[in-house]
Structures are given as C-alpha cells and as structure tokens.
Amino acid sequence: MTDTPLSRIRNFSIIAHIDHGKSTLADRLIQACGGLTDREMKDQVLDNMEIERERGITIKAQTVRLTYPAKDGQTYVLNLMDTPGHVDFAYEVSRSLAACEGSLLVVDASQGVEAQTLANVYQAIDAGHEIVPVLNKIDLPAAEPDRVKAQIEDVIGLPADDAVMISAKTGLGIGDVLEALVTRLPPPQGEAEAPTKALLVDSWYDAYLGVVILVRVKDGRLKRGQRIRFMSSGAVHPVEAVGVFTPKMVTVESLGPGEMGYITAGIKTVADCNVGDTITDDRTAATEPLPGFKPSIPVVWCGLYPTDADDFEKLRESLGKLRLNDASFHYEPETSAALGFGFRCGFLGLLHLEIIQERLQREFDLDLIATAPSVVYRIHSTKGDVTELHNPADMPDPSTIDHIEEPWIKATIFVPDDYLGNILALCNERRGQQVDLTYVGNRAMAVYRLPLNEVVFDFYDRLKSISRGYASFDYAMDGYADSELVKISILVNGDPVDALAFIAHRSQAEKRGRAICEKLKELIPKQLFKIAIQASIGSRIIARETIGALSKDVTAKCYGGDITRKRKLLEKQKEGKKRMRQFGKVEIPQTAFLAALKMDA
Amino acid sequence: MSNPSPEPVALYVHWPFCLARCPYCDFNAHVRERLDEPRYRSAILAELAFEAARIGPRPLGSLFFGGGTPSLMSPDTVGAIIAAAKAAFPGAEEPEITLEANPTSVELGRLAGFRDAGVNRISLGIQALDDTALAFLGRKHTAEQALAALAQARSLFRRASFDLIYARPGQSVTAWRDEVRRALGFGLDHLSLYQLTIEPGTPFERAHARGEIALPDEAEQAALYAATVEEAAKAGLSPYEVSNYARPGDESRHNLAYWSYADYAGIGPGAHGRIPLAGVPTATVRIRAPEAWMEAVERRGHGVREEEALPPEARAREMLLMGLRLTRGIDPARFAARAGMPLEDALEPRALAQAIGEGWLAWTRHGALAATAAGRLRLDALLPVLVR
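Residues numbered from 1 in each chain as written. Chains lettered and ligands numbered in written order. Predicted model: local features only at pLDDT ≥ 70, side-chain atom pairs only at ≥ 80, totals over all residues. Heavy atoms only, no water.

**Q** How should I be thinking about the overall build of chain B in this particular structure?
**A** Along the backbone of chain B there are 16 helices and 14 strands. Classification of the 388 residues of chain B by burial places 56% in the buried group. Across chain B, the fraction of contacts at a sequence separation of at least 24, relative to all contacts at a separation of at least 6, is 70%. Surface accessibility of chain B: about 15,300 Å² in total, with carbon and sulfur atoms responsible for 55%. (Helix = DSSP H or I, 4+ residues; strand = E, 2+ residues; numbered from the N terminus. Buried < 20%, exposed > 50% of the residue type's maximum accessible area, 1.4 Å probe, protein only. Contact = heavy atoms within 4.5 Å. Areas by Shrake-Rupley, 256 points an atom, 1.4 Å probe, with all protein chains shown as cover.)

**Q** What should I look at first to understand the side chain of A:His237 in this one?
**A** Mapping A:His237 onto the fold places it in strand 11 (residues 236-238). Contacts of A:His237, omitting those with residues within four sequence positions, involve A:Gln226, A:Arg227, A:Ile228, A:Phe230, A:Ala265 and A:Ile267.

**Q** It is not clear to me how the packing of aromatic side chains should be interpreted in this structure. Could you clarify?
**A** The description of two aromatic rings rests on the distance between their centres and on the angle between their planes. Residues and elements named next belong to chain A. A full pass over the atoms with the stated rule returns 23 aromatic pairs over all chains. Summarising the aromatic geometry, the rings of Phe 245 and Tyr 262 are spaced 5.1 Å apart at their centres and angled 50° between planes, so their arrangement reads as tilted. Linking Phe 245 in strand 12 (residues 241-245) with Tyr 262 in strand 15 (residues 260-264), this pair joins segments that are 17 residues apart in sequence. With a relative accessible area of 4%, Tyr 262 lands in the buried category. (Phe/Tyr/Trp six-rings, centres within 6.5 Å; stacked < 30°, edge-to-face > 60°.)

**Q** Hey, could you run me through the pairing of strand 11 (residues 280-286) of chain B in this one?
**A** Each regular strand carries side chains that alternate between the two faces of the sheet. Residue and element names in this part refer to chain B. In terms of burial, strand 11 is largely enclosed, as five of its seven residues are buried. Across six bridges, strand 10 (residues 272-277) lies against strand 11 in antiparallel orientation. Among the inter-strand pairings, Gly 273 is bridged to a residue of strand 11, identified as Thr 284. Linking two consecutive strands that pair antiparallel, namely strand 10 and strand 11, is a turn of two residues; a positive phi of about 50° is found at Ala 278 within it. Of the pairings in the sheet, the one linking strand 11 to strand 12 (residues 304-309) comprises five bridges and is antiparallel in character. Within the sheet, the bridge partner assigned to Thr 284 lies in strand 12 and is Glu 307. (Pairing = 2+ DSSP bridges.)

**Q** I would appreciate a short explanation of the pattern of salt bridges in the present structure.
**A** Think of it this way: side chains of opposite charge can pair up when their charged atoms draw near. Residue and element names in this part refer to chain B. Taken as a whole and judged by the stated rule, the model has 53 salt bridges over all chains. With its nearest N and O atoms 3.0 Å apart, the salt bridge here joins Glu 231 to Arg 177. Placement of the pair is Glu 231 in helix 9 (residues 218-234) and Arg 177 in helix 7 (residues 173-184), with a sequence separation of 54 residues. Looking at Glu 231, the relative accessible area reads 2%, which means it is buried. Look at the salt bridges and you will find they share partners, linking Glu 47, Glu 51, Arg 54, Arg 286 and Glu 307 into a network. (Salt bridge = Lys/Arg side-chain N within 4 Å of Asp/Glu carboxyl O.)

**Q** Explain the interface of chain A and chain B to me, please; I cannot follow it from the model alone.
**A** Interfaces are often sized by the amount of accessible area the parts lose when they come together. Contacts between chain A and chain B engage 28 residues on the former and 45 residues on the latter. Note on chain A versus chain B: buried area summed over both sides is about 3,500 Å², and carbon and sulfur give 57% of it. There are six salt bridges connecting chain A and chain B. Salt-bridge contacts for B:Glu318 lead to A:Arg567; the nearest nitrogen and oxygen are separated by 2.9 Å. (Buried area = accessible area lost by both parts, 1.4 Å probe.)

**Q** Explain the side chain of B:Ser123 here, please?
**A** Among the secondary structure elements, B:Ser123 is positioned in strand 4 (residues 121-127). Excluding anything up to four places from it in sequence, B:Ser123 contacts B:Thr98, B:Leu99, B:Glu100, B:Ala101, B:Ser161 and B:Asp163.

**Q** Can you walk me through the packing of helix 13 (residues 563-577) of chain A against helix 16 (residues 379-386) of chain B in this structure?
**A** Between two packed helices, both the angle of their axes relative to each other and the distance between the axes serve to describe the pair. Between helix 13 of chain A and helix 16 of chain B, whose axes approach to 9 Å, the crossing angle comes to 65°. Crossing of helix 13 of chain A over helix 16 of chain B shows right-handed handedness. Here helix 13 of chain A contributes A:Lys566, A:Leu570, A:Gln573, A:Lys574 and A:Lys577 to the contact with helix 16 of chain B, which in turn contributes B:Asp380, B:Leu383, B:Pro384 and B:Val385. (Axes fitted to C-alpha atoms, helices over the stretch in contact; angles between N-to-C directions. Left-handed = near helix turned anticlockwise from the far one by under 90°.)

**Q** Would you mind showing me how to read the nonpolar core here?
**A** Nonpolar side chains in soluble globular proteins tend to end up buried together. Within the largest apolar cluster, 118 residues are counted, with the highest numbers of intra-cluster contacts made by B:Phe65, B:Phe162 and B:Phe335. Composition of this core by domain shows at least three residues from each of domain 1 (9-257) and domain 2 (313-386) of chain B. If near-sequence neighbours (up to four positions away) are discounted, B:Phe65 is found in contact with B:Val13, B:Pro70, B:Met73, B:Val78, B:Ile81, B:Ile82, B:Ile97, B:Thr98, B:Leu99 and B:Glu100. Counting residues in hydrophobic clusters, the runner-up holds 82 residues, among them A:Ala338, A:Leu368, A:Ile423 and A:Ile503. (Core = buried A, V, L, I, M, F, W, Y, C linked by side-chain atoms within 4.5 Å. Domains from an automatic or database assignment.)

**Q** I'm lost on helix 16 of chain B in this one. Help?
**A** Because the α-helix completes a turn every 3.6 residues, residues three or four places apart line up on one side. Counting buried residues in helix 16 of chain B gives seven out of eight residues, a clear majority hidden from the surface. Regarding helix 16 of chain B, the residues found buried are B:Leu379, B:Asp380, B:Ala381, B:Leu382, B:Leu383, B:Pro384 and B:Leu386. The inward-facing, buried residues of helix 16 of chain B contact helix 13 of chain A together with helix 12 (312-323), helix 14 (349-357), strand 13 (361-363), strand 14 (369-371) and helix 15 (373-377) of chain B.

**Q** Is there a simple way to explain unusual backbone geometry in this structure?
**A** Glycine aside, residues mostly have negative phi angles, and peptide bonds mostly take the trans form. A:Thr246 connects to A:Pro247 through a cis peptide bond whose omega is 10°. Backbone torsion omega between B:Gly67 and B:Gly68 reads 25°, so that peptide bond is classified as cis. Relative to the helices and strands, B:Gly68 is located in the loop between strand 2 (60-67) and helix 2 (75-88). One non-glycine residue, A:Asp365, lies in the positive phi region at around 55°.

**Q** Explanation requested: the sheet that holds strand 6 (residues 164-165) of chain A in the structure shown.
**A** In a beta sheet, neighbouring strands pair by backbone hydrogen bonds and run either parallel or antiparallel. All names here are of chain A. The strand order 2-3-1-4-5-6 describes an open sheet built from six strands, whose pairing is mixed. Looking at the sheet topology across the chains shown, the edges are occupied by strand 2 (62-69) and strand 6. Alignment of strand 2 against strand 3 (residues 75-82), held across eight bridges, turns out to be antiparallel. Bridge pairing in strand 3 places Pro 69 opposite Thr 75. In the packing of helix 1 (residues 22-32) onto the sheet, contacts are made with strand 1 (9-16), strand 2, strand 3 and strand 4 (102-108), and the angle to strand 1 comes to roughly 155°.

**Q** I would appreciate a short explanation of the state of the cysteines in the present structure.
**A** Covalent bonding between the sulfur atoms of two cysteines is what defines a disulfide. Evaluated as defined, the whole model comprises zero disulfides over all chains. Of all cysteine sulfurs, the one in A:Cys302 lies closest to A:Cys345, which takes part in no disulfide; the gap is 6.1 Å. No disulfide involves B:Cys18; its sulfur sits 6.5 Å from that of B:Cys25, the nearest cysteine. (Disulfide = S-S within 2.5 Å.)

**Q** So what exactly am I meant to see when it comes to a nonpolar patch on the surface here?
**A** A surface patch of nonpolar side chains, about 370 Å² in accessible area, is lined by A:Tyr208, A:Leu209 and A:Met249. With a relative accessible area of 80%, A:Tyr208 lands in the exposed category. (Patch = residues over 30% accessible without salt bridge, like charges linked within 9 Å, V, L, I, M, F, W, Y side chains within 5 Å.)

**Q** I tried to follow the packing of helix 1 of chain A against helix 6 (residues 174-184) of chain A on my own but got confused; where do I start?
**A** Residues and elements named next belong to chain A. It is the contact of helix 1 with helix 6, at a shortest axis distance of 10 Å, that shows an interaxial angle of 85°. Comparing their axes, helix 6 and helix 1 come out roughly perpendicular. Here helix 1 contributes Leu 25, Arg 28, Leu 29 and Ala 32 to the contact with helix 6, which in turn contributes Ile 174, Val 177 and Leu 178. Across the contact of helix 1 with helix 6, the residue classes tally to six nonpolar, no polar and one charged. (Parallel < 35°, antiparallel > 145°, perpendicular 65-115°, else oblique. Nonpolar A, V, L, I, M, F, W, Y, C, P; charged D, E, K, R; others polar.)

**Q** For this particular structure, what's the right way to read the confidence of the model for chain B?
**A** The predicted coordinates ought not to be read in detail in places where the model reports low pLDDT. Averaged over chain B, the pLDDT score is 94; the fraction of residues at 70 or greater is 99%. The ipTM assigned to the predicted complex is 0.93, against a pTM of 0.65. (pLDDT = per-residue confidence, 0-100.)

Have a look at this one:
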C-alpha cells in the first residue's frame, strides 16, 4: 500500500470558516471511502480534543488516508490534511498547506465568504494550490448558491462556475467531491531515488508512543529502522515505526514520495520537532532543506498564577505536560509582588492564550489568575541597544528609553453594511489606519492596520457585540513601528500593584486609567479600611477612586440555634480568603485581575 | 468558678407554632389550624427526660421558652415543663425562667398565669410602636396593645425584656430615638434591638429582590445603631452584647450561656444544643418539622436529627464568633478550657495585632480579649480575617 504511484495520489486540505461544515464534510468523505464503520463514526472524527469539539476549531493538524475507487476504474489514495482553522496558527496552517497540492474551499451557501476563509484561501493560493470551490448546505431554504458563487468570483477571484454543490449533513454531492479531487487536483511530484526529504507538518505527544510526527514525504523514503536527521537541529533518531491514519493508526513498511503518514522515533518532547523542519536520511542526507521553515515566535504574553499559592508546583508540571504537545507555547517562571510565584507565558495569539488557559483549568483542574495580555514591545535604549519587553511591570525607567516600537497587524473585517459605521468607529478608536474598504453586495470588507496592543484589549468581543455577531475578523502580523507608549501603574493605597500595570498609547492612557479605577471600585468590596485606587504615569496621578471603609457589618441576631450555621459560614469565608490577594491591608478579589482584560470604557 | 458544684446547664424549649408568619422571620415557625397541645407537651417532657438521663444531674441555670410563639401555650403546659426541668436538673439557686410573648390580647390575658406557673422573666415581641411599621412587619398587634403589654409586663414581672426592630425602610434617626425612648419609659430592665435584615426564603427576601423594600444604607444603619446605644444609656441600660442592653446584673442569663459558650440543651422541633456526650463536646440538632419531630419522639423517646462531635478548631471558632459579641469579651483561661486549645492558637497573630492597633479589639483590665464598640460593629468583616 505504500507503493502507490504518484499519479494515483491526491493530497488535499479543506478551507472553511467555523460552522461552514468542514468537519462534517471530512466525516462524510471518511465514511464514503469506508475508513470507519458507522459504529465507529463519532461526530467530527478529526477534532480530538474536547476544546476542539466544543469550539468547532482544529488546533492540531491531522491527516486521513482514504482509498477511493474512481469512475475511471482506478483506485486512488486521497490524503486529507486537516489544518488548524485559526489565524493564531497561521504558520502551522502554511506548513499543512505546503504538504498538499490542492484545497477544497467550503463555503456555506446560506452565509457566504467570511474573513477567516479569505485569509486561508489566499494562503492556499500562495502555496500553489489548485482550489475546488464547494458550496455546502445547499439544502437549506436560505441557501443562495448563485449569490455565493458570484461572491467567490468577486472577492477571491476564483472561477466558481463548476463549484461542487453539496449538503455534508445529508450526504448529497459527496461522490462529486471525491471525483473532483481525482480529476481536478494535480498529483504530487517527487523522486523515489533522490535523498530523503520529508516535511514535518506537526507533532504531538502520545502517552504510549512518545512523540508522533506527522510527515509528508517529498523525495525518497521513510522506513522503519532508518536513521533520520532533523535538518534545523541536526538531531538524529532511529525510526521506530512508520504508519498512516485511516483514520485509525495502521503501520506500513515505508512511506514513499507524495505520501502522508506518521513516524515515531523515540522522541520525548515535541519541542525537538519543529513544525516546518525537513527530515532527511542521516547517511545520504539532502543538501538543501525544504523551503519555508520558521521557528515559532510568541506574540502575546501574560502572567499565569495559581489562585492557591500551594498549586505552584502543580502549575509548573501542567505547563510542562502541555508543552510536550505544543512547542509553540513558551513559559518561564516569574514572581509578582502582587500575585506571588507564577509563570510568564507566550502564545501565538489570543485564541492560543485562551486555549492554553482553558486546558490548564479543565484538564489539570487548576484555578488561575491571568494578568492582562501584553504584546512584545521593542525598547530602544539611549545607549542604542534593543530589548524585548514581555511584561509591562518590567518597563525600564523612561529616562533610559530612547524610543519604543510596538507590533502592528493588518486586519481584515467582513461585515454587513448596517454595522459598518460601528466597525469603522471601533477601528478609529483603536488607532486604526484604513488600508482598504470595498463592498461586495451588502457586505463590506474593511482592511485596517492596527496596533496589536489595541486588539488584545477585548477588541474581538466588542467587534462581535457592535455587529451583533455578524462581523468576522482575521489578522496577520504587520511589522513594528515607533509609538508614544506609556506605562500606567495602578496603585492601591499608594502601593503599585505590579500585576495590574499596563502599557497604552499616550492618547488612550487617561481614559484607560480612569476606566480601570472605576472598574476596581466596583469589584473590590468595602473593607475594614478606606481604600484609595489610583492610576499613574510615572509620578503623575491620572485617575483616582476611593472605596469607603465599612461602617457596619455585624449579624443582628446570634443565638444558640445560629452557631452551627455561623461557624460554617465563617469556614466558607476563610476558604474564600484564599481567592483574594492581599495588598498591605487590602484584599483584592481574583475577579479584579480578570476584569483588567475587559477594560473598554 | 470556685463553686465546687458542677457548672449549671441551660435548657431551651422550642414551641414552633405561630398565629401567622411574619414576613421577615426565618425561624422554625409554623401555622397550624388545630394544635394537639397535650401531645406536644408529652413529647417535650419525653425529650427532657432523655436529655436529663444523658447529661446527668447538674443544676439548671436557666430555662428559655422560645418560638414560634410560646405564649400560645397554656400556662398549665408551661408549668408542667418547668416542674419537670427543675426535677431533672436540681440545684440550690432559683433558675432564670424566660418566656417569649407577643402583645396580642389573647396572650396578654395569660401573662399572670405564666408568672404563677413559674416564669420569672418575660420577653415581649414589641418590634415597633408605630401602627404602620407593625403592619409592614406583619405583626398581629397594634401600637396601643404594645404599650399596654409593656405596662403589664412591668407590673407582673421583676424582670422583663422587649424586642424592637430598627433600620426599617424610611426610618429616621429622630423617629427611632423617639420610639426607643417611649418604650424605655416603662422602666424595663432589658432590651433587644435588632436591625431588620433580609433573610433567605422569607417573603421580605422576595419583596426586596423585586425592589419593593429599600433598606437604609450602611451609614444610616450605623447612625441608627449609635442613637440606640445613646438612648439605652440614658435609661441606665448598657450594651452587653451586639444587640442586647441591660441594667447591670439583669443581663439574660440564658443568652449569656450561648455567648459564653456554656453547655445548653435544646429540645423541641429544630432546637440546637451544645452538650458533652461521653465527655465529648457535641452539637445536637432536633428534627425541624413539628409533626415529624413528635412522631420520632413517640417512637424512640427523642427527636434528635444529628449529633456532631466538635473538634477543638470548631469549638474555637464557635466560641470566638459568639464570645466577641459580648462587651466583656473572652477570658483566655475559660477559652482554653472550653475550646480545648489556647486562645492565641485560634487567632491569626498578624490580624490580631492589626485589629488591636486599629482599636477594634482590646485586652480588658480583666485580662479578656474583647471587641471594642467600633469592633463589634464590624465583627462579621473582622472574624474571617481573625480566626485561624
């Protein structure tokens, strides 16, 4: 089964917006090719993680090898590469796409093209893919296939006349999709006799097998016992097993040119397996790696602290376990005067941050305090050197700073006409620069350059709320630029709380400072002492709120029958104190730190 | 404590029935069409015998009839219970015997009968001296009846107490001072002043949630409380507990047993007790529903629902949360004896030092740890920080 001639292999990925039916279509294709019996089919076979299923997104790349007897009488191997579906994983997506020759562009016939689809389809075009448009959900009464076809042609510039019309839900048109893959996608190219070159698409940690590596062979072969070399690091490992996913794991003798599958090689951590790396044979090594390798770089950082200080070691272990499986996420220990011992963690983007936080809480049962996310600033000192700043609390003395650069993004927003005004106002408020504004029917596409730090402050939630959920949003990093940035400190009774410090543009500083003081006034309950909450830039106070001291808080009636209840309440309150952080005499509830994330006035 | 005889025991008897439910009340009270008083009386007497047998012969320090509305009992029943309690817990001194009464005409007609049955202290549920306020609180008596009750209590009993509820919606400090003053004018020796609080599961809670009841804010509550203390002082009553005022020497002996964490037995539906069982301090709770309680007593001689042995940490917390309500505070030697751990081990040292520094707690000249007047007002905020 591994000696499939190149002419009978097709490698493809599926590009779709969330909810447009990618997973359902994948399930139907697997079913149609007999990959799993009906009994084995779970909904959405490919999304393994609980979070993936719940959010309907793919975080790790996966492949399925399908065997399809085509109308031309030949049996084809169709390798479906399921790619991560979010901009945070843009690089991972680009490597998955590099492993294929073509893509199915799945668009919901009742919804039309969304921003996320657009970004991914452009990536596929960049990867040289042949693209087959597929209109899904054509059985819905609200389906408008003609309008959506026109939109694909107008917005993406792809001919959509021979788009395949399907309903993944009912199974309608699935046979046409399989035929289109065979007839419309090009077969892969490659030399069986050339030195081995395989693309490392993704990897994950399996408790039994160690690290499993997903590969696409370009030239040569991968077989059991072979000594392979990772070209970026030079590390050499003996191949323990070679196999394919049907989607069940099935071992094979070897993988040849054009094929996709997995290898295991006694590797303990995915941090040694960089996505995009080239795997070659150690003895007859290729001279040039495959193009396009980039190490992953976190763009958003935040502090994660255990709510209960006793959980610090558990947090360290859990982060270690997560990193076994996700090398793109970084962490290093840090201490905060306010929050104690914790970790500064770097992520590929906001979704990635959310996913890691959620997994820590769910899979490892940890209760966490997260500080406000921060982007990576470049501090140019007066001496001429440049340092990267991950934590606002570490901002050096302003007198030593010559200038600061902040990262920008290019954002693409799709929105129905009616909400365009709101969206433009939001972008302007966030220091956005309009790059492009075009209309397709009653939908507008706005392209903006925006500072990333304006987006990490609840931009996405606001975007959704002011467009009643209709706006879709995607972004790509777009370089660094000089900026007038200041650090805003939050002081409680005169003492700065490092975990609440943040960096903002000078023009936004006062508004943000006021907003956070007001919010903290709401969130910090009255206590035994008067509490002053201030925001400052350097020594200049820009906002102030006061929480008055409790003047009366005592149970009126307490007799023999009340003691048990009162004692239990007291025990509960003591337990609750663990969730508070002490600053001098003041206790700040955990919610106050979380609220710093949602700081829009 | 130089007395060689064993420490007295306090006894609480719960009468769970009322003519009507008051909308603010979350006590174990029930309204019934018909009451089988003899059946209730037999059950109480059975539980009394049950407790006497396991507590052993100790003197009765106090007996308290609470409710519900115990003044709905016949003086006959009250007399029978008093006689049985005195026989079960014999002692040289006359115990304090208190009964709670409401100022309705039916109950007022029985006050003399209660006195003759052995009750020596009466506690009147006056609550307000204003007809609008009484109607709001769902009370079944008028201000005129309340005043008559105060006069009658004064003439029938040497020791008489009354309850008032303050921090009612829209209440001004001036009106409240006037109300307290008028009530104090009858010369009673004891007074319980309760701030109106919204308790879960009551009609007031639902009305409050709908926005129909607006309570005074915290600052207004504090002002009303301060006015209360002043008015009571003018009448010669001093605050000896957060909500209680007495002429020196006339403090409620029974309630002091709770606040000083002495032993008390609780009988009747839903009653709580703290008694040593086989030498181990134990919390006892009776079945709450009156009918189920009576059936259990008839079946097995007692209506105990739950008994929980209290470890030193639990006792320490209970003693702290009760004892700091008292003006006189907590005596460290007594604390160690009752809680089974030294007082300093039960407290967070930093919080203690801070609370003393802020003037919320102080060591008294008798060597006790006590909350100051300011500290008592903030006790609920202070305790979770203070206890270990």
